[in-house]
Each structure stands twice: as structure tokens, then as C-alpha cells.
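Architecture and fold: a report
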Amino acid sequence: MNYIRNILITDVGHPVTASAIETLRGVASCTYNIIGIDHSVANYPVGRLWVDQHYVVPSPEDIEGYTRAVLDICIQHKVDVIVPWTNEEAIIFAEHASIFSDHNIKILTSDVSGINKVVDKYFLMNNLKEFGFATPLYHSVDTLQELVSAVKILGYPAKKVVVKPRNLSGARGFCLLDQDSDISERGFSSLPFSAYLEIIKHLPHAKQNNLDLIAMEYLSGEDYSVDVLARESKSIAIIPRLRLQATGGVSSMGETIEAPKVSRIASNVVEAFGLN
């Protein structure tokens, strides 16, 4: 029997959503009517080509306006499931889950408690340590003085150091501090610390002692992305991918591989954090 399901996917202009939609289209046992939303007009020309219906909604920063607009779309199209594609949107849906469940709309995300354990990188590291997982060395950074101190403690310039915002994704704000870095080759994603400090000190957040960064030990070696489908802390499917090339923090070229150790760690993290 062929079922029809109505799915709403957020941030549908994101490059990765295309492959997810292509996979859904290939499921023989179910026909998916896919509704896509974006809050950026810049994504509109691309995102609308991948879905059956497309809408531009208010920014998630306008939580009330965003939630109301999405709920209206869901009711209009009798949406069965919402798939949030960003951390910011996942938090909003988790916090307003009851509004959608009143209309029998399921949300493919963990609850607020689970999300909050992982989206803030500093809290994530703390939680991993608490649960007994190995972590790189790391320091929370809010002031320029804390930044200088953390980078020194982590061994710079003899060792490379990673600095990134605690709550952003997609490599936004990421910088590899490398004394030998050449800006003509790596751009602003890799800089000597002196150049990075000169840039960061002019930011409003720096003047307010609210940089909200995490400075971390640089780990070399192979880089894995792991997709996990989980229900009530138990992993149903685990797909490890070896990153071969990344664009804007997103794996743009990779290889799905057998990696039992990586899969085991991912499964243990899901269970320890109570993800769903």
C-alpha cells in the first residue's frame, strides 16, 4: 500500500536538504508531499525548486511570528511531520511542541533538555567529560584577556588552536590559529593569532566582554560526520561518513564507511544525553 505523508522541512534552501529530499522521493512505499520553508529570501529561488510547495516565513528571531506562520502552513497542508534543519529552529519547535501536537503534528527533534546539552559547544564538552567521554582540551572565552590566556595555555604558537563561537554552526566564526598560516591560501578561516586578535578586538561583543567563544586544542587526523536516527535514547540507525571535503562547515564530499568504533561512540553519546 502506498501511503501519502505531508512533511514540512525548514531551511529548505540549505545545500544538504537536496539530498534528503531526493532520498524521500525514492521511497516506494510512501509518497511524500514536501512543503519547504525559508526565512531568507536569498534561498527562495533554489529551495522552491526542490519541494511541492514553498513559503518564506518570518525569521526565527521573531519566535511568535515564526511559530504562528509555520503552524498556519502546517494546518493548511495537513502536515504530519516537521523536520527542523537548524539548531535554532529545533529549539523553537521543542519549546512549542505542545502547540503542534494539539494538531497531531510530530516534530523530528529531541526535547529542549536534550538539545540544550549539545548545541552550546562549551556545555557539550562539559557534558561529554561528565559522562566519561574523551574530549580535547578547551576553555570558555568571554574577554580578550581570557582569549589570550586560553590560547597560551593550549600551547600556541608551538601548537595550533581552534577558536569558534559556542552557539553557531556551519563553520561561522571558525578560525584555526596557526603561526604559519598564509591568508592568501586559507582566507580568514586560518590566521596567526596576532591577526585574529586584531580583528576580534573591534567586535562589539569584545568591547562588552561577551565574546561567547570556545578555544580548543586542535586535533589532526580523519574527520567523521555521523548521522544518527534515535528513539528514546536508543540508536536505530547510525551512518558514519568520512569527510573528504567541507564547505562552510558542511560535508560537501564524503564517503560512507564501516567504522565500528565511531558508531559505538555515537550510540553511547545518544544514550548518555537522552537524545530522541
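The paragraphs below set out a description of the structure included in this document. Model, not experiment: these values are computed from the prediction. (Residues numbered from 1 in each chain as written. Predicted model: local features only at pLDDT ≥ 70, side-chain atom pairs only at ≥ 80, totals over all residues. Heavy atoms only, no water.)

What about the sheet that holds strand S8 (residues 175-177)?
The strands making up a sheet associate through backbone hydrogen bonding, with each pair oriented either parallel or antiparallel. If you trace the five strands from one edge of the open sheet to the other, you get S6-S10-S7-S8-S9, paired in mixed fashion. Edge positions in the sheet fall to strand S6 (138-141) and strand S9 (190-191), since each has one partner strand and no second. Where strand S7 (residues 161-165) and strand S10 (residues 213-217) come together, five bridges link them in antiparallel fashion. Along S10, the bridge assignment pairs lysine 164 with isoleucine 214. Running over the sheet, helix H7 (residues 121-130) touches S6, S7 and S10 and is turned about 145° from S6. (Pairing = 2+ DSSP bridges. Helix = DSSP H or I, 4+ residues; strand = E, 2+ residues; numbered from the N terminus. Contact = heavy atoms within 4.5 Å. Axes fitted to C-alpha atoms, helices over the stretch in contact; angles between N-to-C directions.)

Structural notes on the side chain of arginine 166
One can find arginine 166 in the loop between S7 and S8. Classification of arginine 166 as buried rests on a relative accessible area of 9%. For arginine 166, the side chain forms a polar contact with the side chain of aspartate 120, separated by 2.9 Å. In this structure, arginine 166 is in contact with Val119, Asp120, Lys121, Tyr122, Phe123, Ser140, Asp212, Leu213 and Ile214, ignoring residues within four places of it in sequence. (Buried < 20%, exposed > 50% of the residue type's maximum accessible area, 1.4 Å probe, protein only. Polar contact = N/O pair within 3.5 Å; in protein donor to acceptor, adjacent residues only side chain to side chain.)

Notes on the pattern of salt bridges
Counted by the stated rule, this structure contains eight salt bridges. Between arginine 166 and aspartate 212 there is a salt bridge, with its nearest N and O atoms 3.7 Å apart. In this pair, arginine 166 is assigned in the loop between S7 and S8 and aspartate 212 in the loop between helix H11 (204-207) and S10, connecting sequence segments 46 residues apart. Salt bridges linked by common partners bring Asp120, Arg166 and Asp212 together as one network. (Salt bridge = Lys/Arg side-chain N within 4 Å of Asp/Glu carboxyl O.)

Looking at the nonpolar core
If you look at the biggest cluster of nonpolar residues, it comprises 18 residues, and the most contacted ones within it are Leu147, Val163, Leu177 and Tyr196. Taken together, the elements giving at least two residues each to this core come down to helix H8 (144-153), S7, S8, helix H10 (193-200) and S10. Beyond its immediate stretch of four places on either side in the chain, valine 163 contacts Leu147, Gly173, Phe174, Cys175, Leu177, Tyr196, Leu213, Ile214 and Ala215. If you look at the next biggest cluster of nonpolar residues, it comprises 17 residues, including Tyr66, Val70, Val79 and Ile92. (Core = buried A, V, L, I, M, F, W, Y, C linked by side-chain atoms within 4.5 Å.)

These figures come from the coordinates and say nothing about function on their own.
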